[in-house]
Amino acid sequence: MSPEQAKQLVAEAAMEYIEWDWVIGVGTGSTANLFIDELAKIKGQLDGAVASSEASADRLRNHGIKVMELDQVGSLPIYVDGADESTKHRHLIKGGGAALTREKIVAAASDKFVCIADDSKLVGMLGKFPLPIEVIPMAKSYVGREMVKLGGNPIFREGVTTDNGNIIIDVHDLSIDNPVDLESKINQIAGVVTNGLFAQRGADVLLLGGADGVTTI
Ligand code: 5RP
């Protein structure tokens with residue numbers, strides 16, 4: 001089974017968690033896009049969606065789904081999004097699509113975070129996928145040096161400006177044996193907006209698609 005087919009399976013499986021008249025938190029990326037396409041099939045039964053990126057907001061609007069601001073709705077019953085890596089403890093690396101900060105905000109404001117991914121994303125230890133960090137532009141070099149002190153190899157993501165007007169640094173070669181601790185440490189560095197570790201607020205449910213269908217963790 002191709003990763004695309006696996007992503008389609010979990011996008012469909014996530015629909016089981018959606019109830020009528022809800023406002024849904026919606027993530028960013030190719031798997032989230034498939035989920036948005038599934039949402040479009042029941043759009044008459046949804047009150048709306050809060051998107052974690054301008055790209056997802058555009059896709060939702062193109063399907064005729066009402067996009068709302070988080071401030072308009074308060075807390076959300078559910079957030080559905082993909083991931084770049086996940087452990088069996090549902091600690092994640094996210095931000096491959098540069099939307100990590102809004103993703104973290106929408107996840108934090110949601111009662112349940114359902115993460116959907118193809119099963120190649122399941123890892124024993126986080127860190128093979130470079131950890132994205134959203135950084136205020138003037139802090140680029142400073143944050144890079146701090147990440148070297150933490151054992152990483154920071155690479156500036158060329159040509160990318162986030163929806164919040166910031167830059168992304170991808171940190172390679174980290175062995176993340178304590179993601180909860182590292183998430184805090186990196187967030188305390190001046191100039192860091194947030195980092196792509198979703199460990200303190202990880203996923204509540206992980207749906208993995210693969211040759212055997214959908215596995216729920
Ligand atoms: C975007 C993300 C995505 O969830 C992550 O990159 C996974 O993307 P895809 O579903 O395309 O594999 O964090 O910032």
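Residues numbered from 1 in each chain as written. Predicted model: local features only at pLDDT ≥ 70, side-chain atom pairs only at ≥ 80, totals over all residues. Heavy atoms only, no water.

With that settled, the discussion passes to the domain arrangement of the chain. Partitioning the chain into domains gives domain 1 (3–123 + 200–216) and domain 2 (131–196). Summarising the inter-unit geometry, the C-alpha centres of domain 1 and domain 2 are found 23 Å apart. With 15 residues of domain 1 in contact, the opposing surface of domain 2 contributes 20 residues. Taken over both partners, the interface formed by domain 1 and domain 2 buries close to 1400 Å², and the fraction arising from carbon and sulfur atoms is 51%. A per-residue breakdown of the area domain 1 buries against domain 2 is headed by L100, K104 and Q200, which together make up 40% of the total. The tally of links between domain 1 and domain 2 comes to one salt bridge. (Domains from an automatic or database assignment. Contact = heavy atoms within 4.5 Å. Buried area = accessible area lost by both parts, 1.4 Å probe. Salt bridge = Lys/Arg side-chain N within 4 Å of Asp/Glu carboxyl O.)

Here we come to the sheet that holds strand β7 (residues 131–135). Ordered in space as β8-β9-β7-β10, the four strands form an open sheet in which the pairing is antiparallel. Looking at strand neighbours, the two that pair on one side only are β8 (153–156) and β10 (192–195), the edges of this open sheet. The mean inter-strand angle of the sheet, taken between neighbouring strand axes irrespective of direction, is 30°. Direction of pairing for β7 relative to strand β9 (residues 167–172): antiparallel, over a ladder of five bridges. When the bridges of β9 are listed, E134 appears paired with I168. Helix α5 (residues 100–108) contacts β7, β9 and β10 of the sheet and is inclined by roughly 65° relative to β10. Running at roughly 165° to β10, helix α7 (residues 179–187) makes contact with β7 and β10 of the sheet. (Pairing = 2+ DSSP bridges. Helix = DSSP H or I, 4+ residues; strand = E, 2+ residues; numbered from the N terminus. Axes fitted to C-alpha atoms, helices over the stretch in contact; angles between N-to-C directions.)

A few words now on the side chain of K7. Tracing the backbone shows K7 in helix α1 (residues 3–14). Sequence-distant contacts of K7, defined by excluding residues within four places in its chain, comprise S30, T31, L34 and D118.

With their axes 10 Å apart at the nearest point, helix α2 (residues 30–40) and helix α3 (residues 54–62) run at an angle of 25° to one another. Taken together, the axis directions place α2 and α3 in an arrangement best described as roughly parallel. The interaxial crossing formed by α2 with α3 has right-handed handedness. Residues N33, I36, D37 and L39 of α2 touch α3, and the partners they reach there are S56, R59 and L60. Looking at the contact of α2 with α3 residue by residue, the class counts come to three nonpolar, two polar and two charged. (Parallel < 35°, antiparallel > 145°, perpendicular 65-115°, else oblique. Left-handed = near helix turned anticlockwise from the far one by under 90°. Nonpolar A, V, L, I, M, F, W, Y, C, P; charged D, E, K, R; others polar.)

This part is about α1. Between its terminal C-alpha atoms α1 stretches 16 Å, which fits the 16 Å expected from 12 residues at 1.5 Å a residue. Those residues of α1 lying buried are A6, K7, V10, A11, A13 and A14. Axial view of α1: buried residues confined to an arc of 160°, hence all on one face. Those residues of α1 that are buried lie in contact with α2, β3 (79–81), β6 (113–118), β12 (205–210) and β13 (213–216). (Expected span 1.5 Å × (residues − 1). Buried < 20%, exposed > 50% of the residue type's maximum accessible area, 1.4 Å probe, protein only. Arc of directions from axis to C-beta.)

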